[in-house]
Amino acid sequence: MDVYMVILRLIHFFGGTFWVGAGILMIWFISPTVRALGKDGQTFMKGFVTQSKFTQAMPVASMSTTISGLLLYYSVSDHFNSDWITSAGGVVLTVGSVAGIAATLHGIMHTGPTTSRLAALGKQIDAQGGPPSESQLAELRTLQAKNAHAGQISLALMIVAVIGMAAARYM
């Protein structure tokens, strides 16, 4: 038994399960409910982002899944052997891998910074002790829309990655 591969697969599986599952939960269920609840939803979301470890857990899950996936890919592909990569299973796994890497990079470049800016703006609004100004409200709405769009893109990429990894074995 290759303990190294077992450990990598476990990290990849559990990290990816959390990452994709949390993405689905957030984009398909929590975010629409937050929008539907208006001010109460905003209060929940503020508490969720500031009081839970979600914003720390997602990047950890993303990075552990991506790094373990790259190491697994390196091994499974016989060290990036072009004959393996161009096989049917290799192509499908490569597409899934590229989608997973793209989801990670998209999160690093878009979702993470937008979420951080939303949190900072929320703290700024709280610190002033009154309702947000019109410019703060406008920025809040812009950031929320940007974050929702970024989340949808990341989730779509993650779903392509899951499909590629699930299907590659059977090609």
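Just above sits the structure.
Rules used in this analysis
- Residues numbered from 1 in each chain as written.
- Predicted model: local features only at pLDDT ≥ 70, side-chain atom pairs only at ≥ 80, totals over all residues.
- Heavy atoms only, no water.
- Axes fitted to C-alpha atoms, helices over the stretch in contact; angles between N-to-C directions.
- Helix = DSSP H or I, 4+ residues; strand = E, 2+ residues; numbered from the N terminus.
- Parallel < 35°, antiparallel > 145°, perpendicular 65-115°, else oblique.
- Contact = heavy atoms within 4.5 Å.
- Nonpolar A, V, L, I, M, F, W, Y, C, P; charged D, E, K, R; others polar.
- Salt bridge = Lys/Arg side-chain N within 4 Å of Asp/Glu carboxyl O.
- Buried < 20%, exposed > 50% of the residue type's maximum accessible area, 1.4 Å probe, protein only.

Asks: I'd love a proper account of the packing of helix 1 (residues 3-37) against helix 2 (residues 39-51), names of residues and values included.
Replies: At their nearest, the axes of helix 1 and helix 2 sit 5 Å apart, and the two run at 130° to each other. When the axis of helix 1 is compared with that of helix 2, the two are oblique. Where helix 1 abuts helix 2, its residues Met-26, Ile-30, Val-34 and Leu-37 lie against Lys-39, Asp-40, Gly-41, Gln-42, Phe-44, Met-45 and Phe-48. Here the residues of the contact of helix 1 with helix 2 are counted per class, giving seven nonpolar, two polar and two charged.

Asks: Which residues make up the pattern of salt bridges, and what values go with them?
Replies: Opposite charge on two side chains makes pairing possible when the charged atoms of those side chains draw close. Scanning the model with the defined rule gives two salt bridges in all. As a salt-bridge pair, Asp-126 and Lys-46 come within 2.6 Å of each other at their nearest N and O atoms. Within this pair, whereas Asp-126 is found in helix 5 (residues 88-128), its partner Lys-46 is found in helix 2, the two being separated by 80 residues in sequence. Accessibility expressed as a relative area gives 41% for Lys-46, which makes it partly exposed. The closest approach of N and O atoms between Glu-139 and Arg-117, which form a salt bridge, is 2.8 Å. One end of the pair, Glu-139, is in helix 6 (residues 134-168); the other, Arg-117, is in helix 5, with 22 residues separating them in the sequence. The class for Glu-139 is partly exposed, based on a relative accessible area of 28%. Given a relative accessible area of 30%, Arg-117 falls into the partly exposed group.

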